[in-house]
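Read off the chains here:
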Amino acid sequence: LSNSKSNNVHRTHYSSQLDKSLLGKKVRVAGWVEDSRVVGGIIFLTIRDPRGISQIVYRRQDTQQHIFDRALKVPRQSAVVAEGIVSETRSKDTKMEVKGEDLMILNEAIHPLPLDPTGRVSSSIDVRLDARALDLRSPGVAAIFTVRHHVAQSIRRTFSENGFVEVSTPRLIKAGAEGGATLFSLDYFGNPAFLAQSPQLYKEQLTLALDRVFEISTFFRAEKSATRRHLNEFVSVDMEAAFMDEDDVMRICEDIIVEAYRTVTENCGEQLLLLNVDVKVPEKPFAKMTYADAVESLRKSGLTVNLGDDLTDAMLGTLGRSRPDFFWLTEWPTVLKPFYIEVTQNDPDYTRSFDLMKGPLELASGGMRVSIKEKLQQRLSKLGLDLNSFKHHLSAFDWGMPPHSGWGLGLDRLVMTMLDVRNIKECVLYPRDQFRLVP
Ligand code: AMO
């Protein structure tokens, strides 16, 4: 304890580490005052740190007067370091208690606070997002992001084990890949530029040198959607692989998802308990349904839908209700898919594409890509897109572009569905929608 350079910065133990082996030892715990009760001449301070709570007990007759007064006055949620001797406790909430000898208030919390991070008083999502840093002190909120961390770690590990290289492609771009209307524009030294909607063109180009690539990164969509599953800034898990077809990359997607679920069930027991959610590892392979079969099934349910129509939320809801687990929707009509998706051999009106669904929620989409330059030019021209603005991308197709396939998976949505959270904003630290650009 005395070796520490600055007594008021470091903790010797996290709350969860205080056990019988430390009985009689001096320790220092650091965190935030969650509760403070005074009973007779005794102050009970509950201090929360990232691993739980500890109870520090200051007795008037055993504590220096100024320390006792400090403990009496410390506002809840202040950042503190408390020092004392580990002793037995009669409390049901902690294994041990600490007989307080010192208390350093490092930053007093100014009341009234915008929200109560103990969760005793609930707040609206907007109040919570306005004070997100404080909101995250609530264990149930922090739990979502601990799970998210494990999901991302697992995804990276699975890709690495399968020979994929992690890449970072530009966010500042000159032309979009997913359709022009949904780009945020900005001024780039006097010239127009955009924020990338996806790494699509770059990840495809990279297969000609790096073979298998993945990226986990933020992308932007300038759509004024007001749903529980759309944001203007979201994190996409993208992959692209040379010499693979749509079935190969669907299998990789299943591995990524199953491993992520497994990792969370193995590492996040405490968080899942706090969130009161039962996460079950899904079984591979996931069920498959073609778009044409989906249309047929919707018609049987009494909905009016024609081949070539996009599937509305109501239709996906109907499909998802009878299929609550993961399933693939494959072979979408060419008119509904971007120019870079390859068409089927039998019928150019349909594509070698897939969406991954979990019930009614779309989690990923991808497919086999067009890898022949002339075919790609034809597709671009048919959509009325300017070939010149794709000239850099197109030239890569003259340099030995391999056949390739890939997909993009929404990380925020994956966490949302895994934890059975209703609103995507709960799973994003600082969400961006049309009404929110702060904090
Ligand atoms: P797509 O546009 O379908 O495909 O996006 C892939 C996945 O990203 C997630 N997603 C979003 N999540 C939250 N808010 C949004 N506004 C949002 N938009 C998309 C979804 C979606 O399934 N380039 C292709 C992928 C590919 O073919 O490799 C693409 O971007 O979970």
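Everything numeric here is computed off the predicted structure, so don't read it as measured data.

Visitor: Looking at this structure, I do not really get the confidence of the model for the protein. What am I missing?
Guide: Regions with low pLDDT carry predicted coordinates that are not meant to be interpreted in detail. Averaged over every residue, the pLDDT of the protein is 95; the share at 70 or more is 97%. Between the elements of the protein, mean pLDDT differs from a low of 94, seen in strand E9 (residues 191-195), to a high of 99, seen in strand E16 (residues 404-410).

Visitor: Would you take a moment to explain helix H6 (residues 246-267) for this structure?
Guide: The α-helix winds at 3.6 residues per turn, so residues separated by three or four positions along the chain end up facing the same way. Helix length check: H6 (22 residues) gives 31 Å between terminal C-alpha atoms against 32 Å at 1.5 Å per residue, within 8%. Between the side-chain oxygen at the start of H6 and the backbone nitrogen of Asp 247 there is a gap of 3.1 Å, and the oxygen is on Asp 245.

Visitor: It is not clear to me how the packing of aromatic side chains should be interpreted in this structure. Could you clarify?
Guide: Any two aromatic rings considered together are summarised by their centre-to-centre distance and by the angle between their planes. This model, assessed by the stated rule, comprises 12 aromatic pairs. Ring centres of Phe 159 and Phe 214 lie 4.5 Å apart, and the angle between their planes is 20°; on these two criteria the pair is classed as stacked. On the criterion of sequence distance, the pair formed by Phe 159 in helix H4 (residues 139-161) and Phe 214 in strand E10 (residues 212-220) is long-range, its members being 55 residues apart. The class of Phe 214 is buried, set by a relative accessible area of 1%. Arranged with centres 5.2 Å apart and planes meeting at 80°, the rings of Trp 328 and Phe 354 form a pair that is edge-to-face. One end of the pair, Trp 328, is in strand E13 (residues 326-330); the other, Phe 354, is in strand E14 (residues 353-358), and 26 residues separate them in sequence. A single burial state applies to Trp 328 and to Phe 354, both of which are buried. Aromatic rings pair up to connect Tyr 261, Phe 286, Phe 326, Trp 328 and Phe 354 into one cluster. Note that Arg 51 overlies the ring of Tyr 14, its terminal NZ or CZ placed 3.8 Å from the centroid.

Visitor: Looking at this structure, how should I read the sheet that holds E9?
Guide: In a beta sheet, neighbouring strands are held together by backbone hydrogen bonds and run either parallel or antiparallel to one another. An order of E7-E9-E8 is seen for the 3 strands of this open sheet, with the pairing classed as antiparallel. Looking along the sheet, the strands with just one partner apiece sit at the ends: strand E7 (172-173) and strand E8 (185-188). Here 2 bridges tie E7 to E9, and the two strands are oriented antiparallel to one another. Note that in E9 the partner of Leu 172 across the bridge is Leu 195.

Visitor: I would appreciate a short explanation of the packing of H4 against H6 in the present structure.
Guide: Describing two packed helices takes the angle between their axes plus the distance from one axis to the other. Contact geometry for H4 and H6: axes closest at 8 Å, N-to-C directions at 135°. Taken together, the axis directions place H4 and H6 in an arrangement best described as oblique. Of the two possible hands of crossing, H4 and H6 adopt the one that is right-handed. Of the residues in H6, those in contact with Val 147, His 150, Val 151, Ser 154, Ile 155, Arg 157, Thr 158 and Phe 159 of H4 are Ile 252, Asp 255, Ile 256, Glu 259, Ala 260, Thr 263, Val 264 and Asn 267. Taken together, the residues that form the contact of H4 with H6 break down as 8 nonpolar, 5 polar and 3 charged.

Visitor: Teacher, can you tell me more about the sheet that holds strand E1 (residues 26-39) here?
Guide: Strands sit in the order E1-E2-E3-E5-E4 around a closed barrel of 5 strands; the barrel is mixed. Strand-to-strand, the axes of this sheet are offset by a mean angle of 50°, without reference to chain direction. With 7 bridges joining them, E1 and strand E2 (residues 42-49) adopt antiparallel strand pairing. For Val 33, the partnering residue across the bridge sits in E2 and is Ile 47. Along the sheet, helix H1 (residues 65-73) makes contact with E1, E2, strand E3 (52-59) and strand E5 (97-107), crossing E5 at roughly 70°.

Visitor: How do you make sense of empty space enclosed by the protein when you look at a structure like this?
Guide: Empty space left among the atoms is revealed by rolling a probe the size of a water molecule over them. Overall, the coordinates contain 1 cavity of 30 Å³ or more when judged by the stated rule. In this structure, the largest cavity occupies an estimated 30 Å³ of space. Lining the largest cavity are Trp 32, Glu 34, Arg 48, Gln 77, Pro 117, Thr 118 and Arg 137.

Visitor: So what exactly am I meant to see when it comes to the site of the ligand here?
Guide: Around the ligand, the structure places 21 residues, and the nearest of them are Gln 200, Lys 203, Glu 362, Ser 365 and Arg 369. Within the side chain of Tyr 340, one N or O atom sits 3.1 Å away from a nitrogen atom of the ligand. Leu 363 is positioned with one of its backbone polar atoms (N or O) 2.8 Å from an oxygen atom of the ligand. In the complex, 92% of the free accessible area of the ligand, which totals 620 Å², lies under the protein chains. Among the detected pockets, the ligand sits in the largest pocket. Every element with two or more residues in the shell around the ligand is listed here: helix H5 (200-210), strand E15 (361-368) and E16. Among the elements that line the shell around the ligand, the one with the most residues is E15, at 5 residues. Along the lines of polarity and charge, the residues of the shell around the ligand split into 7 nonpolar, 7 polar and 7 charged.

Visitor: What is the right way to look at the environment of Gln 153 in this model?
Guide: Relative to the helices and strands, Gln 153 resides in helix H4. When the C-alpha atoms of Gln 153 and Trp 332 are compared, they prove to be 32 Å apart, with 179 residues separating the residues in sequence.

Visitor: Please clarify how the pattern of salt bridges should be interpreted in this entry.
Guide: Two side chains with opposite charge may pair up if their charged atoms get near one another. All told, the structure shown has 32 salt bridges when counted by the stated rule. The partner of Asp 135 in a salt bridge is Arg 132, and the shortest N-O contact between them spans 2.7 Å. Here the residue Asp 135 and the residue Arg 132 both occupy positions in helix H3 (residues 132-135), the gap between them amounting to 3 residues, near one helical turn. Both residues of the pair, Asp 135 and Arg 132, belong to the buried class. One connected set of salt bridges, linked through shared partners, spans Lys 26, Arg 28, Glu 83 and Glu 101.

Visitor: Sorry if this is basic, but what is going on with unusual backbone geometry here?
Guide: Trans peptide bonds make up the majority, and among non-glycine residues the majority have a negative phi. In the segment running from His 111 into Pro 112, the intervening peptide bond is cis, with an omega of 5°. Here Pro 112 shows up in the loop between E5 and helix H2 (125-130). In the segment running from Val 438 into Pro 439, the intervening peptide bond is cis, with an omega of -10°. With respect to the helices, strands and loops of the structure, Pro 439 is situated in the segment after helix H12 (411-418). Positioned with a positive phi, Gln 77 is a non-glycine residue whose angle comes to about 75°.

Rules used throughout
- Residues numbered from 1 in each chain as written.
- Predicted model: local features only at pLDDT ≥ 70, side-chain atom pairs only at ≥ 80, totals over all residues.
- Heavy atoms only, no water.
- pLDDT = per-residue confidence, 0-100.
- Helix = DSSP H or I, 4+ residues; strand = E, 2+ residues; numbered from the N terminus.
- Expected span 1.5 Å × (residues − 1).
- Polar contact = N/O pair within 3.5 Å; in protein donor to acceptor, adjacent residues only side chain to side chain.
- Phe/Tyr/Trp six-rings, centres within 6.5 Å; stacked < 30°, edge-to-face > 60°.
- Buried < 20%, exposed > 50% of the residue type's maximum accessible area, 1.4 Å probe, protein only.
- Lys NZ or Arg CZ within 6 Å of the ring centre and 35° of its normal.
- Pairing = 2+ DSSP bridges.
- Axes fitted to C-alpha atoms, helices over the stretch in contact; angles between N-to-C directions.
- Parallel < 35°, antiparallel > 145°, perpendicular 65-115°, else oblique.
- Left-handed = near helix turned anticlockwise from the far one by under 90°.
- Contact = heavy atoms within 4.5 Å.
- Nonpolar A, V, L, I, M, F, W, Y, C, P; charged D, E, K, R; others polar.
- 1 Å grid on protein atoms, 1.4 Å probe; cavity = no way out; pocket = protein on both sides within 12 Å on 5 of 7 lines; lining within 4 Å.
- Points joined across faces, edges and corners; volume = space filled by probe spheres on them.
- Near = heavy atom within 4 Å.
- Areas by Shrake-Rupley, 256 points an atom, 1.4 Å probe, with all protein chains shown as cover.
- Sits in = over half its atoms within 2 Å of the grid points.
- Salt bridge = Lys/Arg side-chain N within 4 Å of Asp/Glu carboxyl O.

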